[in-house]
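# A look at the structure
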Amino acid sequence: MTDETNKNGPDAAAAENTAEAVASALEDAANQKNAEAPVAEPDPLELLKAENNELRDRFLRLAAEMDNLRRRTEREIKDAKTYAAAGFARDMLAVSDNLRRALDAVPTEMRATADASLTTLLEGVEMTERSMLSALERHGVKKIDAEGQKFDPNFHQAMFEIPNPAVPNNTVVQVVQAGFTIGERVLRPAMVGVAKGGPKAEASAETAGEKNA
C-alpha cells in the first residue's frame, strides 16, 4: 500500500471524525457549564436602599400635597367668613343710601329754622345711618376714601368730568355715591366726578421736587 493510500484511506477519515466529535463534546460541555452557572443574586442592602428612597419620595410628595390642601382649606374658610355677608352688606348699603338721601333732601335753611320735632327726627335718621355703617365696618365693610385721590378704576367709577385746572388731571373732586370694600375686594365702587384740564399728577410731583431742590 502506498503513502497516498495511507493518507486518504479509512484511517484518515476516522481520525477526522474523531477530532470533530471531540470538539463538539468540548463545546457542549462549555455550553452546559455556562447554563449551569448560578445567576448573581442582587445585593439585599441595595434593594433596601432603593425601597427606602422610593418610600421617602412618596412620603415627601404626600406631605407636600397635605400641606397644600391645608393651606387651601384655610384660605377657603377665611374667604367664606369674610365674604359670606357680601350680599347682605350690599343690601344694607342700599338702605344707608336711602337714609342719606332723606337727610340731603332737607335744605340747610330748613334745618336751621326747624322745630324740635323735625330736629329730633333728623338726628334720629343720622344716628341710624351711623349705627348701620358702624355695624358694617365691624364685619369688614369699609368706606372708600375717594375725594382728593387720584382716579383708580379699581375703586372708582367716573360719572362725569369737571373742568378744574387748579388740581392735577384725573383727581377725584366730587363723590356722588360712596364706595365700600369688604376684605380685599370692592363691594361697591365709588361713583365720582374727576377733574379735567389740570396738570398731570406725575408732572406735578416732578415740579414739587424741583422746587424743594
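Definitions and limits used
- All residue numbers refer to position in the chain's written sequence, counted from 1.
- Given that the model is predicted, a residue must reach a pLDDT of at least 70 before its local features are reported, and side-chain atom pairs must reach 80 or more before they are shown or counted; all residues, however, enter totals for whole chains, interfaces and linings.
- Think of the side-chain values as coming from all heavy atoms in the structure, minus any hydrogens and water.
- Strands are runs of DSSP state E lasting at least two residues, helices are runs of H or I lasting at least four, and both sets are numbered from the N terminus onward.
- Remark: exposure states derive from per-residue accessible area (1.4 Å probe, protein chains only) relative to the maximum for the residue type, with buried under 20%, exposed over 50%, and partly exposed in between.
- A contact between two residues is defined here by any heavy atoms of the two lying within 4.5 Å.
- The method behind every accessible area is Shrake-Rupley, applied with a 1.4 Å probe, and residues are considered shielded solely by the protein chains displayed.
- Method remark: on a 1 Å grid restricted to protein atoms, a set of points is classed as a cavity if a 1.4 Å probe fits but cannot get out and as a pocket if it is open with protein on both sides within 12 Å along at least five of seven lines; lining residues have an atom within 4 Å of a point.
- Grid points are joined across faces, edges and corners, and a volume is the space filled by probe spheres set on the points.
- Residue type decides the class: Asp, Glu, Lys and Arg count as charged, Ala, Val, Leu, Ile, Met, Phe, Trp, Tyr, Cys and Pro as nonpolar, and the leftover types, Gly among them, as polar.
- Every axis corresponds to a line fitted to the C-alpha atoms, with the helix fit spanning only the stretch in contact, and the corresponding angles, defined between N-to-C directions, vary from 0 to 180 degrees.
- Here roughly perpendicular refers to angles of 65 to 115 degrees, roughly parallel to angles under 35, roughly antiparallel to angles over 145, and oblique to all remaining angles.
- Crossings are assigned a handedness: left-handed for a near helix turned anticlockwise from the far helix by less than a right angle, right-handed for a clockwise turn.
- By this definition, two strands are paired if DSSP reports at least two bridges between them.
- For Phe, Tyr and Trp, rings pair up if their centres lie within 6.5 Å, where Trp contributes its six-membered ring, and each pair is then called stacked (planes under 30 degrees apart), edge-to-face (over 60) or tilted (otherwise).
- As a reminder, the over-ring test applies to NZ of lysine and CZ of arginine, requiring each to be within 6 Å of the ring centre and within 35 degrees of the ring normal.
- Here a polar contact is taken to be a pair of N or O atoms separated by no more than 3.5 Å, where protein atoms must pair a possible hydrogen donor with a possible acceptor and residues adjacent in sequence count only if both atoms sit in side chains.

### Describing the overall build of the protein
Broken down by element type, the protein carries seven helices and six strands. The secondary structure elements of the protein, listed N-terminal to C-terminal, are α-α-α-α-α-α-β-β-β-β-β-β-α. Looking at the protein as a whole, 16% of its 213 residues are labelled buried. Of all intrachain contacts in the protein linking residues separated by at least 6 positions in sequence, the fraction that spans at least 24 positions is 65%. Accessible surface computed for the protein: about 16200 Å², of which carbon and sulfur atoms make up 56%.

### Quick notes on the layout of surface pockets
Here the largest pocket defines a volume of roughly 470 Å³. Around the largest pocket, the lining is made up of 20 residues, and of these Arg 100, Glu 129, Lys 143, Gln 177 and Ala 178 lie nearest the centre. Taken together, the elements giving at least two residues each to the lining of the largest pocket come down to helix 4 (86-104), helix 6 (116-138) and strand 3 (172-177). The element contributing the most residues to the lining of the largest pocket is helix 4, with five residues. Taken together, the residues of the lining of the largest pocket break down into eight nonpolar, three polar and nine charged.

### Quick look at the side chain of Ser 96
Structurally, Ser 96 is set in helix 4. Not counting residues up to four positions away in its chain, the partners in contact with Ser 96 are Glu 129, Met 132 and Leu 133.

### Comments concerning unusual backbone geometry
One non-glycine residue, Asn 170, adopts positive backbone phi at about 65°. Note on placement: Asn 170 falls in the loop between strand 2 (156-163) and strand 3.

### A short note on the packing of helix 4 against helix 6
Where helix 4 meets helix 6, the axes come as close as 10 Å, and the angle between the chain directions of the two elements is 155°. In terms of orientation, helix 4 and helix 6 fall into the roughly antiparallel class. By crossing handedness, the relation of helix 4 to helix 6 is classed as left-handed. Mapping the contact onto sequence places Ala 89, Met 92, Leu 93, Val 95, Ser 96, Leu 99, Arg 100 and Leu 103 in helix 4 and Leu 122, Val 125, Glu 126, Thr 128, Glu 129, Met 132, Leu 133 and Leu 136 in helix 6. Across the contact of helix 4 with helix 6, the residue classes break down as eleven nonpolar, two polar and three charged.

### Some details on the sheet that holds strand 5 (residues 185-188)
What the three strands build is an open sheet, ordered 1-4-5; its pairing is antiparallel. Edge positions in the sheet fall to strand 1 (141-143) and strand 5, since each of these pairs with one other strand and no more. The sheet shows a mean angle of 35° between the axes of neighbouring strands, taken without regard to direction.

### Considerations on the packing of aromatic side chains
Enumeration over the complete set of coordinates arrives at zero aromatic pairs. We note Arg 185 situated over the ring of Tyr 83; from NZ or CZ to the ring centre the distance is 3.7 Å.

### With respect to the side chain of Glu 129
Mapping Glu 129 onto the fold places it in helix 6. Of the residues examined, Glu 129 reaches a relative accessible area of 8% and is grouped as buried. Side-chain polar atoms of Glu 129 contact the side chain of Arg 100, separated by 2.6 Å.

### As for the sheet that holds strand 2
Pairing is mixed in the open sheet, where three strands are placed in the order 2-6-3. Bordering the open sheet on either side are strand 2 and strand 3, each of which pairs with just one other strand. Ignoring strand direction, the axes of neighbouring strands in this sheet form an average angle of 30°. By the bridge criterion, seven bridges tie strand 2 to strand 6 (residues 190-196) in an arrangement that is parallel. Bridge pairing in strand 6 places His 156 opposite Ala 190.

### What to know about the environment of Arg 188
Within the element layout of this structure, Arg 188 appears in strand 5. In this structure, the C-alpha to C-alpha distance between Arg 188 and Lys 143, residues 45 residues apart in sequence, is 9.5 Å. Within polar-contact distance, the side chain of Arg 188 engages the side chain of Asp 97 at 2.5 Å. Separated by 2.7 Å, the side chain of Arg 188 and the backbone oxygen of Ala 178 make a polar contact.

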